[in-house]
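# Structural features, examined
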Amino acid sequence: MHLTTTSIIRHLVLAAAFGAAGLLPLGACAQEPSWPTRPVRVIVPFLAGGSIDVVARTLAAELSARYHQQFVVDNKAGAGGTIGTDLVAKSAADGYTLLLTAQGPLVINPFIMSKLPYDAQHAFAPVSRVVDAPNVLVASPKAGLPTFDAFLQRARSGGAPLTYATQGVGTTGHVTGALLDQALGISLTHVPYNGFPPILTDVMQGRVDLMIADTVNVGERVRTGQLAAVAVASARRSAVLPDVPTFAEKGYPEIVAGPWFALLAPAGTSKAVRDKLSATVRDILAKPGIAARFQGMGLDIVGSTPDDLQGYMDKEYARWGAIIRKAGIQPVS
């Protein structure tokens, strides 16, 4: 058989391609990454003992059992979550240092801190949005605000401004208060505290009218009548406060706010590793015992893909930036 020069070249190219393919392990393109082959550190940039810490340690125990490697939770608190978040931003992008954080360091701190040591939009690679903890507006039993309608009528009455307590300037509660002002056309007076216990005491005793906190912290006190729930800032009613309406039901669907907990890795971490981890997290969240535990705490199960988390963070970054700027909340050093 006579071969032309073109045919010879074609045969040589095909032979080289098949030869190269033979050097690859069977199904290499479809194989999952071998990660993890050693312990994984999960940084939580807040103090131990809170709801995010419970979520982190629950996930870490499940991941350790699933992968036969230790997932070790390490609390690195300080500066509104900035210290631990920055530690992860500067870690190797190898899948062995992860961040489980609330939204503050990612979408609020960039607008309330004048000097942030990391680039909140580009320093991290998303893995999964794990759970949400919707905020709820609650009133002192002595404030005479048992319902949303009573609250709104009083807030718009032109009398003495209602006061609301939070855990400080720039916290989720504070910026949620700014959102309420803008959406409802009211002007609440912010009373910042340093810590949750004194807030609870002062609101229950009537020294402050209102408090904005997540369902994890106030759900039980609402159920026992120690606090009066005005409305929940979520798209649907809370499982732990099923009788409390949402702001959306009252005609204000834009009032959705509260802590959300997300798992991330340093920017540059392999997409294959993140996809693998994200799928495992979603499997864990689907387990009846895990779901029941988190929902019983007042948390809403999410479990997103990396791409979904990235899109959500981008929207939250733009949304809270606009709210904070409109409210005139000044960055702190």
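Our subject in this report is the structure included herewith. From a predicted model like this one, the values you see are computed outputs, not experimental measurements. (Residues numbered from 1 in each chain as written. Predicted model: local features only at pLDDT ≥ 70, side-chain atom pairs only at ≥ 80, totals over all residues. Heavy atoms only, no water.)

Secondary structure assignment for the chain yields 11 helices and 11 strands. For the chain, the residues scored as buried account for 50% of the 333 residues in total. Residue pairs at least 24 apart in sequence account for 78% of intrachain contacts in the chain once pairs closer than 6 positions are excluded. Here the chain displays about 15300 Å² of accessible surface, and carbon together with sulfur accounts for 57% of that area. (Helix = DSSP H or I, 4+ residues; strand = E, 2+ residues; numbered from the N terminus. Buried < 20%, exposed > 50% of the residue type's maximum accessible area, 1.4 Å probe, protein only. Contact = heavy atoms within 4.5 Å. Areas by Shrake-Rupley, 256 points an atom, 1.4 Å probe, with all protein chains shown as cover.)

Moving on: the sheet that holds strand β2 (residues 71-75). Strand order in the open sheet made by the 6 strands is β2-β1-β3-β10-β4-β11, with mixed pairing throughout. Bordering the open sheet on either side are β2 and β11 (300-301), each of which pairs with just one other strand. Pairing of strand β1 (residues 40-44) with strand β3 (residues 97-101) involves 3 bridges; the strand directions are parallel. What sits directly across from Val-42, in β3, is Leu-98. Sitting on the sheet, helix α2 (residues 51-67) touches β1, β2, β3, β4 (124-132) and β10 (260-266), and the angle it makes with β2 is about 160°. (Pairing = 2+ DSSP bridges. Axes fitted to C-alpha atoms, helices over the stretch in contact; angles between N-to-C directions.)

In this section: the packing of α2 against helix α10 (residues 288-296). For the pair α2 and α10, interaxial distance at closest approach is 11 Å and the crossing angle is 175°. Here α2 lies roughly antiparallel to α10, going by the angle between them. Between α2, through Val-54, Val-55, Thr-58 and Glu-62, and α10, the contact on the second element is made entirely by Ile-290, Arg-293 and Phe-294. Grouping the constituent residues of the contact of α2 with α10 by class yields 4 nonpolar, 1 polar and 2 charged. (Parallel < 35°, antiparallel > 145°, perpendicular 65-115°, else oblique. Nonpolar A, V, L, I, M, F, W, Y, C, P; charged D, E, K, R; others polar.)

Inspection of the secondary structure assignment puts Ser-91 in the loop between α3 (82-89) and β3. Among the polar contacts listed, one links the side chain of Ser-91 to the backbone oxygen of Leu-87, at a separation of 2.7 Å. Apart from residues no more than four positions distant in its own chain, Ser-91 is found in contact with Thr-97 and Pro-266. (Polar contact = N/O pair within 3.5 Å; in protein donor to acceptor, adjacent residues only side chain to side chain.)

This part is about the layout of surface pockets. Reported here for the largest pocket is a volume of approximately 1100 Å³. The wall of the largest pocket is formed by 42 residues, among which Phe-46, Ala-102, Gln-167, Thr-171 and Thr-172 lie closest to the centre. For the lining of the largest pocket, the secondary-structure elements that each account for two or more residues are α2, α4 (104-112), β6 (163-166), α6 (172-184), α7 (196-204), β8 (210-214) and α8 (215-223). In terms of residue count, the dominant contributor to the lining of the largest pocket is α4 (5 residues). Among the residues forming the lining of the largest pocket, the class breakdown is 23 nonpolar, 18 polar and 1 charged. One number sums up the size of the second largest pocket: a volume of about 230 Å³. Surrounding the second largest pocket, 20 residues form its lining, Arg-129, Asp-132, Ser-234, Ala-235 and Val-256 being those nearest its centre. For the lining of the second largest pocket, the secondary structure elements donating two or more residues are β4, β11 and α11 (306-327). Among the elements that take part in the lining of the second largest pocket, α11 stands out by supplying 4 residues, more than any other. (1 Å grid on protein atoms, 1.4 Å probe; cavity = no way out; pocket = protein on both sides within 12 Å on 5 of 7 lines; lining within 4 Å. Points joined across faces, edges and corners; volume = space filled by probe spheres on them.)

Let us now look at the nonpolar core. Grouped together as the largest cluster of nonpolar side chains are 49 residues, with contacts concentrated most on Phe-148, Phe-151, Leu-184, Leu-210, Phe-247 and Ile-255. Listed by contribution, the elements that provide at least two residues to this core are α4, β5 (135-139), α5 (148-155), α6, β8, β9 (228-233), β10 and α11. Other than its neighbours up to four places away in sequence, Leu-184 contacts Phe-148, Phe-151, Leu-152, Arg-156, Tyr-252 and Ile-255. Within the second largest apolar cluster, 33 residues are counted, among which are Val-55, Tyr-67, Phe-71 and Leu-263. (Core = buried A, V, L, I, M, F, W, Y, C linked by side-chain atoms within 4.5 Å.)

Here the structure, examined in full by the defined rule, presents 9 aromatic pairs. Judged by centre distance (5.9 Å) and plane angle (85°), the ring pair of Phe-148 and Phe-247 falls under edge-to-face. With Phe-148 in helix α5 and Phe-247 in the loop between β9 and β10, this pair connects stretches of sequence that are 99 residues apart. Residue class for Phe-148 comes out buried when judged on its relative accessible area of 3%. Here Trp-260 and Tyr-312 contribute two aromatic rings whose centre-to-centre distance is 5.3 Å and whose plane-to-plane angle is 75°, an arrangement assigned as edge-to-face. Here Trp-260 is found in strand β10, whereas its partner Tyr-312 is found in helix α11, with 52 residues between them in sequence. Exposure remark for Trp-260: the relative accessible area of 1% places this residue in the buried category. (Phe/Tyr/Trp six-rings, centres within 6.5 Å; stacked < 30°, edge-to-face > 60°.)

Pairing between the strands of a sheet is mediated by backbone hydrogen bonds and can be parallel or antiparallel. The sheet built from 5 strands is open, its strands ordered β7-β6-β8-β5-β9 with mixed pairing. Looking at the sheet topology across the chains shown, the edges are occupied by β7 (189-192) and β9. Ignoring which end each strand starts from, the neighbouring axes of this sheet average 30° apart. Sheet topology note: the β5/β9 ladder contains 5 bridges and is antiparallel. Each residue of the ladder has a partner; that of Asn-135, found in β9, is Ala-233. Docked against the sheet, α8 engages β5, β8 and β9, running at close to 120° with respect to β8.

Geometry only, nothing functional implied.
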